[in-house]
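Observations on the three-dimensional arrangement
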Protein chains: 2
Amino acid sequence: MRRMTARPANAHQARLLRLLRDGGPNSRAELGDHVDLSRSKLAVEIDRLLETGLVVADGLAASRGGRRSHNVRLTPELRFLGVDIGATSVDVAVTNPELEILGHLNQPMDVREGPVAVFDQVLAMVAKLRDSGVAEGFDGAGIGVPGPVRFPEGVPVAPPIMPGWDGFPVREALSQELGCPVMVDNDVNLMAMGEMQAGVARTVRDFFCVKIGTGIGCGVVAGGEVHRGTTGSAGDIGHIQVESEGRQCPCGNRGCLEAYFGGAALARDAESAAREGLSAELSARLEAAGRLTAEDVAGAAAAGDGTSLDLIRDGGARVGQVIAGLVSFFNPGLVVIGGGVTGLGHTLLASIRTQVYRQSLPLATGNLPIVLGELGPAAGVTGAARLISDHLFSPA
Amino acid sequence: MRRMTARPANAHQARLLRLLRDGGPNSRAELGDHVDLSRSKLAVEIDRLLETGLVVADGLAASRGGRRSHNVRLTPELRFLGVDIGATSVDVAVTNPELEILGHLNQPMDVREGPVAVFDQVLAMVAKLRDSGVAEGFDGAGIGVPGPVRFPEGVPVAPPIMPGWDGFPVREALSQELGCPVMVDNDVNLMAMGEMQAGVARTVRDFFCVKIGTGIGCGVVAGGEVHRGTTGSAGDIGHIQVESEGRQCPCGNRGCLEAYFGGAALARDAESAAREGLSAELSARLEAAGRLTAEDVAGAAAAGDGTSLDLIRDGGARVGQVIAGLVSFFNPGLVVIGGGVTGLGHTLLASIRTQVYRQSLPLATGNLPIVLGELGPAAGVTGAARLISDHLFSPA
DNA sequence: AGGGCTTTGTCCATTGCATGGAAAAAGTCG
DNA sequence: CGACTTTTTCCATGCAATGGACAAAGCCCT
């Protein structure tokens, strides 16, 4: 099947494409209400978009009191691929032009096996999705990796938890394999973009998105744009110190946030608690599985286990302590909590909120919502699709 | 004298004005190398700027191997006023169109006396500068205040250390008095803009600027733009917690950074040390003056007083601890340290550096300069002039 | 059904933006 | 002095964008 080749020729066309993508109106008349252009000029640009094949006519709109307007829509055959590589699993999804997910696969995986093995697995998952019929090919792909990325080149740099990936040309390699444009970013940045596209952050321009998975990271959005920092490592908050002379962290320092909370720390603390006999619930689960995970703690907490609840509350307080400082610094309009451990839910959220509202200045927290992400595992892949679509829907 | 009335008519003209302001070339030919325009179009835009009176012809440039180019420059009579209101003093300065300071006054003052009294003092200082002949009138004024500002309206909001200023229409009032356009911002933001205009941050797009005066604040610049946050309180880092269950802070919390360092905390700690007889040097100074200030500590440290050096080192470590976290979060390309206590100089700087380089991730600190501001008290007023000049040199 | 009103889409003349080429003006250098 | 370079102006041309006129297509009311 022939894929998308054309790109918008100017800013107006890019604007129109994004409006159509983001659930704006799709009648020519209403589009005119959103782009500051005369009706004549608008007609010209839409006609050109029709010529490129990026949009197609789509019948007539309901009347607004006069002649009915012609509808247009993004060519429905467009397909974007979103890939979200985590520390221990991969998500792959296919979206339609409106970035709605048509098919989604998740598989366990270990990034430490290196780029070649991971790519094989990702390509197999892509093939499976293709076979399921949701796509015959892709017009673009976005991919997130759990570490810093030199964004313009799409190459991971010095990723602590991804040995073997340093300098691997992810963008180039995936583009070769898929035969379409590819963009690469940090996984937390994509989560933030996902929540901005289709989740809780749709109307906010300054926010951050704390992702608590195996480790802890944070996507930073300033003025509607992802802030990546000078070397692409912005948002790397897992090793902020929360306790001087505190616990030893694998990174070499002491008292890091990740030494106290995150999937890894939580599992470890739960296992010690179980071994010390502090919780019958956790001990039973440890007995059954041989090891404990964050999900076990979540389950035990849901069953009313006090030790698990304490672990979650303590962890939330640590995270809240860090977030409180960042809120004072950044003054966001929203804080989103997401990632694997959102299963810990409202116990965690309450603990974070308490800490932030107590520690930050009233002016910064006065009207500051702190909420769980809406999209769960779909956030990353949606953000990945948004990343490449933003790229393709911008002037060539 | 007639003041500037015209504004650039389009983005090209604005671009040209800023190039001329920021020490770019001023021959027509070289300007052409910097703006992506044909020579014909460039000539048209420059001619229009000449008509508006914003720029004037200025002789011929040296030859670059052929016909000599005509020079242009910003109308040299343009004058900007920069006002920097601190907690305990005011700076007022007049700049030429290139934002170079032509006259500068500093006077002690207490913001707590309220806007009316402070305005009287500022206007008297302005009159004095005017009488000195550096300006007959002003084409625009920028003013910084030590607290959060609702930027579009130019109104302080809920400023903790400025009772009586909440909601006071600073922009409106000053504009009335001076008869020219006025922009208002937080003082640390202006310091950051100042260092970006004429100081150490000239070539950096992501950085922050920590101002340690009576209190501690931070100007945040992302992508070359000041980040003000949702309510204008971004950079308010003085009350980030550095010690759980730590010292009581006037803000109501415990363990805030400002409870440990900053002009106020340093003076207080020095006085206790003196009373406890820990330092002969400090005791002597306390005896002499009846109280101690940050300058006394700086002086004692310069004289080799161990207690003072310890106070500075401890404080620097606290500040460094906070900055380390913010560096991980924001991944800046530069950190600037400024404000009143820069007299503490390299002892402070070394202590901050040690802490940051030890605590932040290598990728974020690998090539991260941490330096003292270059401009000292001129940073704020230069930033204020830049603020209003950016405003006036943008399309009407 | 018909007439008046509204909305939408197209056509067209006009204006302004911007380009690139030609030619003139003003230099340098051997 | 002549060949070459750089800068500036001039001009024809093409594209961008507007707004007005008008036709098409709808609504609603009588």
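The structure displayed is predicted, hence computed values, not measured ones. (Residues numbered from 1 in each chain as written. Chains lettered and ligands numbered in written order. Predicted model: local features only at pLDDT ≥ 70, side-chain atom pairs only at ≥ 80, totals over all residues. Heavy atoms only, no water.)

**A few points about the overall build of chain A**
Counting secondary structure elements, chain A contains 14 helices and 14 strands. Counting only C-alpha atoms, chain A reaches 75 × 50 × 40 Å along its principal axes. Here chain A, with 396 residues, has 57% of them falling under the buried criterion. Long-range contacts, defined here as pairs at least 24 residues apart, represent 60% of the contacts in chain A between residues at least 6 apart. (Helix = DSSP H or I, 4+ residues; strand = E, 2+ residues; numbered from the N terminus. Buried < 20%, exposed > 50% of the residue type's maximum accessible area, 1.4 Å probe, protein only. Contact = heavy atoms within 4.5 Å.)

**Regarding the protein's contact with DNA strand C**
Near DNA strand C there are 23 residues, and of these Arg64, Ser69 and His70 of chain A together with Ser40 and Lys41 of chain B occur at the shortest range. Each atom of DNA strand C within 4 Å of the protein was assigned to sugar, phosphate or base; sugar and phosphate come to 63%. Lys41 of chain B places a polar side-chain atom, nitrogen or oxygen, 3.1 Å from a phosphate oxygen of DNA strand C. Contact distances for DNA strand C include 3.5 Å between a phosphate oxygen and a side-chain N or O atom of Arg48 of chain B. Among the secondary structure elements, those contributing two or more residues to the surface near DNA strand C are α2 (28-34) and α3 (39-52) of chain A together with α3 (39-52) of chain B. A total of 3 residues in the surface near DNA strand C trace back to one element, the largest contributor, which is α3 of chain B. (Near = heavy atom within 4 Å. Polar contact = N/O pair within 3.5 Å; in protein donor to acceptor, adjacent residues only side chain to side chain.)

**Describing the side chain of Glu45 of chain B**
Residues and elements named next belong to chain B. Within the secondary structure, Glu45 is located in helix α3. You can call Glu45 buried: its relative accessible area is 1%. Setting aside its immediate chain neighbours within four residues, Glu45 contacts Asn10, His12, Gln13 and Leu16.

**What about the relation of the copies chain B and chain A?**
Once turned by 180° and shifted 0.1 Å along the axis, chain B lies on chain A with an RMSD of 0.1 Å. This pairing of chains is accounted for by a two-fold axis. In this assembly, 100% of the residues forming the interface of chain B have copies in chain A that are likewise at the interface, indicating an isologous arrangement. (Least-squares fit on C-alpha atoms with pLDDT ≥ 70 in both.)

**As for the domain arrangement of chain A**
All names here are of chain A. Segmenting chain A into domains produces domain 1 (11-74), domain 2 (80-197 + 378-392) and domain 3 (202-372). Each of domain 2 and domain 3 was reduced to a C-alpha centroid, and the two centroids are 25 Å apart. Across the boundary between the two partners, domain 2 contributes 18 residues, which contact 21 residues of domain 3. Summed over both sides, the interface of domain 2 with domain 3 buries roughly 1,400 Å², with 63% coming from carbon and sulfur. Considering only the surface of domain 2 that becomes buried against domain 3, Val188, Met191 and Met196 emerge as the three largest contributors, covering 38% of it. (Domains from an automatic or database assignment. Buried area = accessible area lost by both parts, 1.4 Å probe.)

**Concerning the protein's contact with DNA strand D**
Lining the immediate surroundings of DNA strand D are 24 residues, of which Ser40 and Lys41 of chain A together with Arg64, Ser69 and His70 of chain B lie closest. In the environment of DNA strand D, a phosphate oxygen lies 3.5 Å from a nitrogen or oxygen atom belonging to the backbone of Ala29 of chain B. A breakdown of the residues in the surface near DNA strand D according to their chemical character gives 3 nonpolar, 11 polar and 10 charged. (Nonpolar A, V, L, I, M, F, W, Y, C, P; charged D, E, K, R; others polar.)

**Here we look at the packing of aromatic side chains**
On inspection of all chains with the given rule, the structure shows 15 aromatic pairs over all chains. Each ring, one from Phe329 of chain A and one from Phe330 of chain B, has its centre 5.9 Å from the other, and the planes form 75°; the classification is edge-to-face. Within this pair, whereas Phe329 of chain A is found in helix α11 (residues 306-330), its partner Phe330 of chain B is found in helix α11 (residues 306-330), the two belonging to separate chains. Judged by relative accessible area, Phe330 of chain B falls into the buried class, the value being 1%. With a centroid separation of 6.2 Å and an interplanar angle of 75°, the aromatic rings of Phe80 of chain B and Phe393 of chain B are classed as edge-to-face. With Phe80 of chain B in strand β3 (residues 80-85) and Phe393 of chain B in the segment after α14 (378-392), this pair connects stretches of sequence that are 313 residues apart. We classify Phe80 of chain B as buried; its relative accessible area is 0%. Looking at Phe393 of chain B, the relative accessible area reads 0%, which means it is buried. Connected via pairs of aromatic rings, a cluster forms that spans Phe208, Phe329 and Phe330 of chain A together with Phe208, Phe329 and Phe330 of chain B. The ring of Tyr260 of chain A has Arg318 of chain A lying over it, and the distance from NZ or CZ to the ring centre is 4.2 Å. (Phe/Tyr/Trp six-rings, centres within 6.5 Å; stacked < 30°, edge-to-face > 60°. Lys NZ or Arg CZ within 6 Å of the ring centre and 35° of its normal.)

**Concerning the interface of chain B and chain A**
The interface of chain B with chain A comprises 37 residues on the first partner and 37 residues on the second. Surface buried jointly by chain B and chain A totals about 3,000 Å² across both partners, of which 58% is contributed by carbon and sulfur atoms. Linking chain B with chain A are 0 salt bridges. For the pair chain B and chain A, the number of links is 20 residue pairs in polar contact (both at pLDDT 80 or more). (Salt bridge = Lys/Arg side-chain N within 4 Å of Asp/Glu carboxyl O.)

**Topic: the pairing of strand β9 (residues 182-186) of chain B**
All names here are of chain B. Most of β9 is tucked away: 5 of the 5 residues are buried. Both strand β6 (residues 140-145) and β9 contribute to a ladder of 5 bridges, which runs parallel. In the strand pairing of β9, Gly144 is matched with Asp185. (Pairing = 2+ DSSP bridges.)

**Let's talk about the sheet that holds strand β14 (residues 370-372) of chain B**
All names here are of chain B. Taken in spatial order, the 5 strands line up as β12-β11-β10-β13-β14 in an open sheet, and their pairing is mixed. Strands at the two margins of the open sheet, each flanked by one partner only, are β12 (225-226) and β14. Alignment of strand β10 (residues 207-212) against strand β13 (residues 335-338), held across 4 bridges, turns out to be parallel. Note that in β13 the partner of Lys211 across the bridge is Gly338. Helix α6 (residues 187-198) contacts β10, β11 (216-222), β12 and β13 of the sheet and is inclined by roughly 125° relative to β10. (Axes fitted to C-alpha atoms, helices over the stretch in contact; angles between N-to-C directions.)

**A word on the nonpolar core**
In terms of nonpolar packing, the biggest core is built from 98 residues, with Phe208, Ile323 and Phe329 of chain A together with Phe208, Ile323 and Phe329 of chain B touching the most fellow members. In this structure Ile323 of chain B touches Phe208, Val210, Val335, Ile337, Ile352 and Val356 of chain B, once residues within four positions along its chain are discounted. Membership of the second largest hydrophobic core comes to 42 residues, among which are Leu49, Phe151, Leu190 and Leu375 of chain A. (Core = buried A, V, L, I, M, F, W, Y, C linked by side-chain atoms within 4.5 Å.)

**What to know about α3 of chain A**
Residue and element names in this part refer to chain A. The end-to-end C-alpha distance of α3 is 20 Å, a good match for the 20 Å that 14 residues give at a rise of 1.5 Å each. Those residues of α3 that fall on the buried side of the exposure criterion are Leu42, Glu45, Ile46 and Leu49. The buried residues of α3 all sit within an arc of 95° when viewed along its axis, so they share a single face. Opposite the buried face of α3, by more than 90 degrees, sit the exposed residues Ser40 and Glu51. (Expected span 1.5 Å × (residues − 1). Arc of directions from axis to C-beta.)

**Notes on the packing of helix α10 (residues 294-302) of chain A against α11 of chain A**
Residues and elements named next belong to chain A. Relative orientation of the contacting elements α10 and α11 amounts to 120°, with a least axis distance of 7 Å. Classified by the angle their axes make, α10 and α11 are oblique. Seen along the crossing, α10 lies across α11 with a hand that is left-handed. Contacts between α10 and α11 pair Val297, Ala300 and Ala301 from the former with Ser308, Leu309 and Ile312 from the latter. Considered class by class, the residues forming the contact of α10 with α11 number 5 nonpolar, 1 polar and no charged. (Parallel < 35°, antiparallel > 145°, perpendicular 65-115°, else oblique. Left-handed = near helix turned anticlockwise from the far one by under 90°.)

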